Amino acid sequence: MNGASAASSETPPRVDCTIDADGRITFVLRPWPAAGTAGALPSPHLLLRLRPAQGQPEKTLLTVGLAPADDGRLRGVLDPRPALAEGRWDVYLLPHAAAERLRLRPGLRDQRALVGGHTRDWPSPVAVRVPYTTVDGYLAVRAWLRTAHAEVEGIDAAGRSLTVRARLHGTPLSGAATVRLRRRDGAGAVRSLRPRAESGGPRFSFTVDYEELVADSGTGSRVWDVFVQPGQAEGAPLVRVGRLLDDVADRKEVFVYPAGTVGGADVRPYYTVDNDLSVQVRPAAGR
């Protein structure tokens, strides 16, 4: 537990949750030994806390009321609106107003409605929620909130290039759209590509030549972040390319792609900690 959690020697309670396709989450709290009967708790609530940056105080809290269900368990619903701010939300039980909060362990998580999320159109703002289990075994909700989003639908990372198929959500794709790869080190380097777009549709694809990234990357390890600029105007906003619209909260260590070796460098696409698509260039092994 971190400093915001109540210190307790009791077994943390468990909560089941079900999420609908529109983002509505239903929580059902299981009884646990310290509570006696769940319905006996006075004015219980769930407390969702937006996890602050390291060393910063917590600022954003959201409460969800709990009421006894027919089977005596406690039930609460987090509606789709308002949308959750982007970040990781830790889930606690607040037995009553004067009680210390209790971090909750996950029970059953029904996320089947999220699996096909990438197959439908999402309006702006693109608001996504995925319940998940933290590395220390507690329940949390991963949230994204973006004006627009480009969802990766397929990646081919074989050989000396990378081909990506994607679908734009929250804004139209114009015929003058541009894919931009921006080097993360602040040097200002940008590679621009013209995507191949479906006629009048939101889907597009593009191919990145690894040799061009290696030539523009200097020395050492460096990262290129992938965006699409859907509008024609020079100052049109950049939309991050990534994979958010399913039931996977953390893709980085799950979806691992092979590296291609070009010009003495290994080039590999990967998902960041925010499930956005980037490309890493680093000296080849043994150099």
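All values reported here derive from a predicted model rather than from experimental measurement.

Colleague: What should I look at first to understand the overall build of the protein in this one?
Modeller: A tally of regular secondary structure across the protein gives one helix and 22 strands. Across the 287 residues in the protein, those meeting the buried criterion constitute 47%. For the protein, long-range pairs separated by at least 24 residues make up 62% of all intrachain contacts whose partners lie at least 6 apart in sequence. A total of about 13,700 Å² of accessible surface is found on the protein, and carbon and sulfur atoms cover 50% of it.

Colleague: What exactly am I supposed to notice about the pattern of salt bridges here?
Modeller: Opposite charge on two side chains permits them to pair, given that their charged atoms come into close proximity. Counted under the stated rule, the structure contains 27 salt bridges. Residues R146 and E86 are paired through a salt bridge, measuring 3.0 Å at the closest nitrogen-oxygen approach. You can see R146 sitting in strand β11 (residues 139-146) and its partner E86 sitting in the loop between β6 (74-78) and β7 (87-94), a full 60 residues away along the chain. The exposure class of R146 is buried, given its relative accessible area of 14%.

Colleague: Help me understand unusual backbone geometry, please; the structure alone is not making it clear to me.
Modeller: Trans is the prevailing form of peptide bonds, just as negative phi is the prevailing case for residues other than glycine. Residue R81 is joined to P82 through a cis peptide bond whose omega torsion reads 5°. Inspection of the secondary structure assignment puts P82 in the loop between β6 and β7. Here the bond from S124 into P125 is cis, since omega is -5°, no more than 30 degrees from zero. Looking at where P125 falls in the secondary structure, it is placed in the loop between β9 (105-110) and β10 (126-133). Residues other than glycine seldom take positive phi values, yet N275 does so here, at roughly 65°. One can find N275 in the loop between β21 (265-271) and β22 (277-283). Residue class for N275 comes out buried when judged on its relative accessible area of 0%.

Colleague: Looking at this structure, how should I read the pairing of strand β18 (residues 222-229)?
Modeller: Looking along a regular strand, one sees the side chains alternate between the two faces of the sheet. Most of β18 sits inside the fold, with eight of its eight residues counted as buried. Residue alternation in β18 divides its side chains into two sets, R222, W224, V226 and V228 and V223, D225, F227 and Q229, and both sets are buried. Where strand β14 (residues 178-183) and β18 come together, six bridges link them in antiparallel fashion. When the sheet's bridge partners are listed, R180 is paired in β18 with F227.

Colleague: Which parts of the structure should I look at to understand the nonpolar core?
Modeller: Proteins that are soluble and globular tend to have nonpolar side chains buried together. Counting residues in hydrophobic clusters, the biggest one holds 34 residues, and the most contacted among them are I155 and F204. Here this core takes four residues from strand β13 (residues 161-169), the largest share from any one element. Not counting residues up to four positions away in its chain, the partners in contact with I155 are L162, T163, V164, Y257, Y271 and L277. Among the nonpolar cores identified, the runner-up in size contains 33 residues, and L48, V64, A143 and L244 belong to it.

Colleague: Just to check I follow, could you spell out the environment of V254 for this structure?
Modeller: Tracing the sequence through the fold places V254 in the loop between β19 (239-242) and β20 (260-262). Residue V254 is classed as exposed on the basis of its relative accessible area of 58%. With 17 residues separating them along the chain, V254 and Y271 place their C-alpha atoms 9.3 Å apart.

Colleague: Even after reading the chapter, I still don't get the sheet that holds strand β1 (residues 14-19), so can you show me in this structure?
Modeller: Strand order across the open sheet formed by five strands is β5-β6-β2-β1-β9, with mixed pairing between neighbours. What marks the edges here is a single partner per strand, and that holds for β5 (67-68) and β9.

Colleague: What exactly am I supposed to notice about the packing of aromatic side chains here?
Modeller: What describes a pair of aromatic rings is the distance from one ring centre to the other and the angle between the planes of the rings. In this structure the tally under the stated criterion is three aromatic pairs. Seen from their ring centres, F204 and F206 are 6.3 Å apart, and the 20° between their planes marks the pair as stacked. Arranged with centres 6.5 Å apart and planes meeting at 90°, the rings of F255 and Y271 form a pair that is edge-to-face. Highlighted residues: F255 in the loop between β19 and β20 and Y271 in strand β21, separated in sequence by 16 residues. On the basis of relative accessibility, which here comes to 2%, the residue Y271 falls in the buried class. Here the aromatic cluster, defined as three or more aromatic residues joined through ring pairs, consists of F255, Y257 and Y271.

Definitions and limits used
- Residues numbered from 1 in each chain as written.
- Predicted model: local features only at pLDDT ≥ 70, side-chain atom pairs only at ≥ 80, totals over all residues.
- Heavy atoms only, no water.
- Helix = DSSP H or I, 4+ residues; strand = E, 2+ residues; numbered from the N terminus.
- Buried < 20%, exposed > 50% of the residue type's maximum accessible area, 1.4 Å probe, protein only.
- Contact = heavy atoms within 4.5 Å.
- Areas by Shrake-Rupley, 256 points an atom, 1.4 Å probe, with all protein chains shown as cover.
- Salt bridge = Lys/Arg side-chain N within 4 Å of Asp/Glu carboxyl O.
- Pairing = 2+ DSSP bridges.
- Core = buried A, V, L, I, M, F, W, Y, C linked by side-chain atoms within 4.5 Å.
- Phe/Tyr/Trp six-rings, centres within 6.5 Å; stacked < 30°, edge-to-face > 60°.

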